[in-house]
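# Observations on the three-dimensional arrangement
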Amino acid sequence: MNNLQSEIHNLKSEWWRNGIIYQIYPRSFADSNGDGVGDLPGILSRLDYLQWLGVDAIWLSPIYPSPMADFGYDVSNYHDIDPVFGRLADFDRLLSEAHARGIRVVLDMVMNHTSDQHPWFLESRSSRDNPKRDWYIWRDPRQGREPNNWESIFGGKAWTWDERTGQYYLHLFLAEQPDLNWRNPQVKEAMFNECRFWLERGVDGFRLDVAHMFVKAEGLPDNPPKLGLTGYGRQHHLYEINQPETHAIWKEFRKLLDSYPERMAVGEVAPQGAVGYYGNGRDELHLVFNFGLLRQGWDARRFYDVVADWEARLPEQAWPCWVLGNHDVRRLASRYVAGPFTEARTRVAATMLLTLRGTPFMYYGDEIGMREGDIPRAEIQDPPGRRYWPFYKGRDGCRTPMQWDATPGAGFSTSQPWLRLNPDYVQRNVQAQRADPDSLLNFYRRLIELRRKSPALLYGNYHALGRPVDVWAYERATPRRRMLVALNFFSRPAQIPVEGKWRICLSSVGRAEETMAGKLALAPNEAVILESV
């Protein structure tokens, strides 16, 4: 078996390499009990839609018990379900029904920090000699102030004073999210056991929150200063992220996952040093998010450069993954807004995401072109939004409820949703687009179907036809199949030379199947996928 044949064999057996993973923000997907908050039975009720769309897995943002200071990213119990989302029995049923439809389930695992209401922290905080004191990072004052100059990502100092025990504790996010001390082997074993709990239930993998932040530098030195707008932005973050010891954790975690069949982990990490979290491509994380695409403006050259750089730096056995939207960033359609060309751009973006070499992650609602919600100041719920408004309005706008239909509540809930609906739900919803064969939703579905049927798009090599100006064109090829993807990023017609004879498989402007040779003409903002003939 040659290298390519071996790779194809691995891709077929490792679902996460050729699957499409669809992120669900559970609070906003579907509300089954009319309390205005999405829940697990609501997700269960929409599994048939996800199967129809063609996704291979769902990633659920945190559903564990939580005081919800950061909407679930402050976990108070890792082995249960928060009552707002349902019960453990609801999760088991969701998992079983998803698997029956060929849909895997990936959980968001938050292991850098817990809630300050977690029993571990309550014990740690109770006294200096408590056995769990060293499970978190406690330090004495330095000259009457915080132990070092570290800042919280969410604003303010990264240290909170505890009057009872006379020490500060570290929290790189909210004060309600104290950081665990991963230099304590008991912490690692306890967290690995929490993951085993879900693996034993049949969960297919984990999305690992801030996977680069677990270990802090010995001695907790001050970070050096730099220019920036916020306290956190005015530091070079040398000592609280990307510490070398972090990789040993992920190597051990990979062994844990490999002891269960067909499990995976994808890490959220900072851009600097991100490629290192693959290890040799087989001994650390299965996937590492590259957020480069979603940080670019509408420029073919910038997108091309992100992909070229990542492809060049990946270890030989590593597999890339790509994302254009998630629960932390402005909605895709609103980032690339261009008046009458906005939807055309979203089709180009969708084609790019689903045809590059690697695993695509989709964000709920992007398949119908959901826009960023406009949340009034009085209704902002996201902690950074409340702190930094109006300079930063937070992440509520990308977390608005899924738009299922034109009824009051958008088919999401029968009562007032936890976040206000985007007013365009009356026109922009699943029901309306599903009935329209030319809709964005049906374009996504055809694109997903084509990807699923094409070995070249699933696991073929990537080869760009030069650095683009207006049209980014690249081939995906196996020894027997060649696919050509051409993306016109300009709102004017374009033309590129092509070698050989090609047949159009899918066009974002609805062109019928046709065969061409020598040159390819593209409409404004057109994405087209062709197969060699």
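The structure under discussion appears in the preceding block.
Quantities reported herein were computed from a predicted structural model and do not represent experimental measurements.

### Details of the overall build of the chain
If you tally the helices and strands in the chain, you get 15 helices and 17 strands. Counting only residues that meet the buried cut, the chain has 61% of its 533 residues in that class. Sequence-distant contacts in the chain: of pairs separated by 6 or more residues, those separated by 24 or more amount to 66%. For the chain, the computed accessible surface area is about 20,900 Å², with 49% contributed by carbon and sulfur atoms. The centroid of the 65 positive side-chain charges in the chain is displaced by 4 Å from the centroid of its 67 negative side-chain charges.

### Section: the sheet that holds strand β3 (residues 104-109)
Sheet architecture is open: eight strands sit in the order β9-β8-β7-β3-β2-β1-β11-β10, paired in parallel fashion. The open sheet terminates on both sides in strands that have one partner only, identified here as β9 (287-288) and β10 (321-323). Alignment of strand β7 (residues 205-208) against strand β8 (residues 264-267), held across four bridges, turns out to be parallel. Residue pairing in the sheet places Arg 207 in a bridge with Val 266 of β8. Against the sheet, helix α8 (residues 246-258) engages β7 and β8, with an angle of about 160 degrees to β7. Here helix α11 (residues 342-355) sits on the sheet in contact with β10 and β11 (359-363), set at roughly 140 degrees to β11.

### Looking at the sheet that holds strand β4 (residues 138-139)
Here we have three strands laid out as an open sheet, ordered β4-β6-β5, and antiparallel in their pairing. Strand pairing shows two members of the sheet lacking a second neighbour, β4 and β5 (159-162), which therefore form its edges.

### Some points on the packing of helix α5 (residues 88-100) against helix α7 (residues 185-201)
Angle between the axes and distance between the axes: these two values describe a pair of packed helices. Interhelical geometry of α5 versus α7 gives an angle of 50 degrees and a closest axis separation of 11 Å. Judged on the interaxial angle alone, α7 and α5 are oblique. Residues Leu 88, Phe 91, Asp 92 and Leu 95 of α5 form the contact with α7, whose participating residues are Phe 197, Trp 198 and Arg 201. In the contact of α5 with α7, the residues fall into five nonpolar, no polar and two charged.

### Details of the packing of α11 against helix α14 (residues 440-453)
Where α11 meets α14, the closest approach of the two axes is 10 Å, and the angle between their N-to-C directions is 20 degrees. Considering the angle they form, α11 stands roughly parallel to α14. Considering only the axes of α11 and α14, their crossing is right-handed. Here α11 contributes Glu 343, Thr 346, Arg 347, Ala 350, Thr 351, Leu 354 and Thr 355 to the contact with α14, which in turn contributes Leu 440, Phe 443, Tyr 444, Leu 447, Ile 448 and Arg 451.

### Examining the pattern of salt bridges
Using the criterion set out here, one finds 46 salt bridges in the structure. Of the charged contacts in the structure, one is a salt bridge between Arg 395 and Asp 328, with a shortest N-O distance of 2.9 Å. Here the residue Arg 395 occupies a position in the loop between α12 (383-388) and α13 (430-435), and Asp 328 occupies one in the loop between β10 and α10 (332-335), the gap between them amounting to 67 residues. In this structure, Arg 503 and Glu 513 form a salt bridge, with 3.4 Å as the shortest nitrogen-oxygen distance. Here the residue Arg 503 occupies a position in strand β15 (residues 494-507), and Glu 513 occupies one in the loop between β15 and β16 (515-522), the gap between them amounting to 10 residues. On the accessibility criterion, Arg 503 (23% relative accessible area) is partly exposed.

### Observations regarding the state of the cysteines
Counting across every chain of the model gives zero disulfides. Cys 398 provides the cysteine sulfur closest to Cys 321, a residue in no disulfide bond, and the two sulfurs are 18 Å apart. Overall, the relative accessible area of 0% leaves Cys 321 in the buried class. You can call Cys 398 buried: its relative accessible area is 1%.

### Structural notes on the pairing of strand β1 (residues 21-24)
Taking every second residue as pointing to the same face, both faces of β1 are buried, with Ile 21 and Gln 23 on one and Tyr 22 and Ile 24 on the other. Here three bridges tie β1 to β11, and the two strands are oriented parallel to one another. For Gln 23, the partnering residue across the bridge sits in β11 and is Tyr 363. Summarising the sheet, β1 and strand β2 (residues 57-60) pair through four bridges and their orientation is parallel. Each residue of the ladder has a partner; that of Ile 24, found in β2, is Leu 60.

### Concerning α5
In this model α5 runs 18 Å from its N-terminal to its C-terminal C-alpha over 13 residues, within 8% of the 18 Å that 1.5 Å per residue would give. Taken together, the buried positions of α5 are Leu 88, Phe 91, Leu 94, Leu 95 and Ala 98. In an axial view of α5, the angular spread of the buried residues amounts to 115 degrees, which keeps them on one side of the axis. α5 presents Arg 93 and Ala 100 as exposed residues on the side facing more than 90 degrees away from its buried surface. Residues of α5 that are buried sit in contact with α3 (40-45), α4 (47-53), β2, β3 and α7. In the stretch just after α5, Gly 102 is the one whose phi turns positive, near 75 degrees.

### Remarks on unusual backbone geometry
The step from Trp 389 to Pro 390 runs through a cis peptide bond, and the omega angle for that step is 5 degrees. Relative to the helices and strands, Pro 390 resides in the loop between α12 and α13. A positive phi angle, close to 65 degrees, is found at Met 68, a residue other than glycine. In this fold, Met 68 is placed in the loop between β2 and α5.

### Notes on α11
An α-helical turn contains 3.6 residues, so any two residues separated by three or four positions project in the same direction. Taking 1.5 Å per residue as the helical rise, α11 with its 14 residues ought to reach 20 Å, and the 20 Å between its terminal C-alpha atoms agrees with that figure. Among the 14 residues in α11, 12 count as buried, and that is most of the element. Among all positions in α11, only Thr 342, Arg 345, Thr 346, Arg 347, Val 348, Ala 349, Ala 350, Thr 351, Met 352, Leu 353, Leu 354 and Thr 355 are buried.

Cut-offs applied
- Residues numbered from 1 in each chain as written.
- Predicted model: local features only at pLDDT ≥ 70, side-chain atom pairs only at ≥ 80, totals over all residues.
- Heavy atoms only, no water.
- Helix = DSSP H or I, 4+ residues; strand = E, 2+ residues; numbered from the N terminus.
- Buried < 20%, exposed > 50% of the residue type's maximum accessible area, 1.4 Å probe, protein only.
- Contact = heavy atoms within 4.5 Å.
- Areas by Shrake-Rupley, 256 points an atom, 1.4 Å probe, with all protein chains shown as cover.
- Lys, Arg positive; Asp, Glu negative; His and termini not counted.
- Charge placed at Lys NZ, Arg CZ, Asp CG, Glu CD.
- Pairing = 2+ DSSP bridges.
- Axes fitted to C-alpha atoms, helices over the stretch in contact; angles between N-to-C directions.
- Parallel < 35°, antiparallel > 145°, perpendicular 65-115°, else oblique.
- Nonpolar A, V, L, I, M, F, W, Y, C, P; charged D, E, K, R; others polar.
- Left-handed = near helix turned anticlockwise from the far one by under 90°.
- Salt bridge = Lys/Arg side-chain N within 4 Å of Asp/Glu carboxyl O.
- Disulfide = S-S within 2.5 Å.
- Expected span 1.5 Å × (residues − 1).
- Arc of directions from axis to C-beta.

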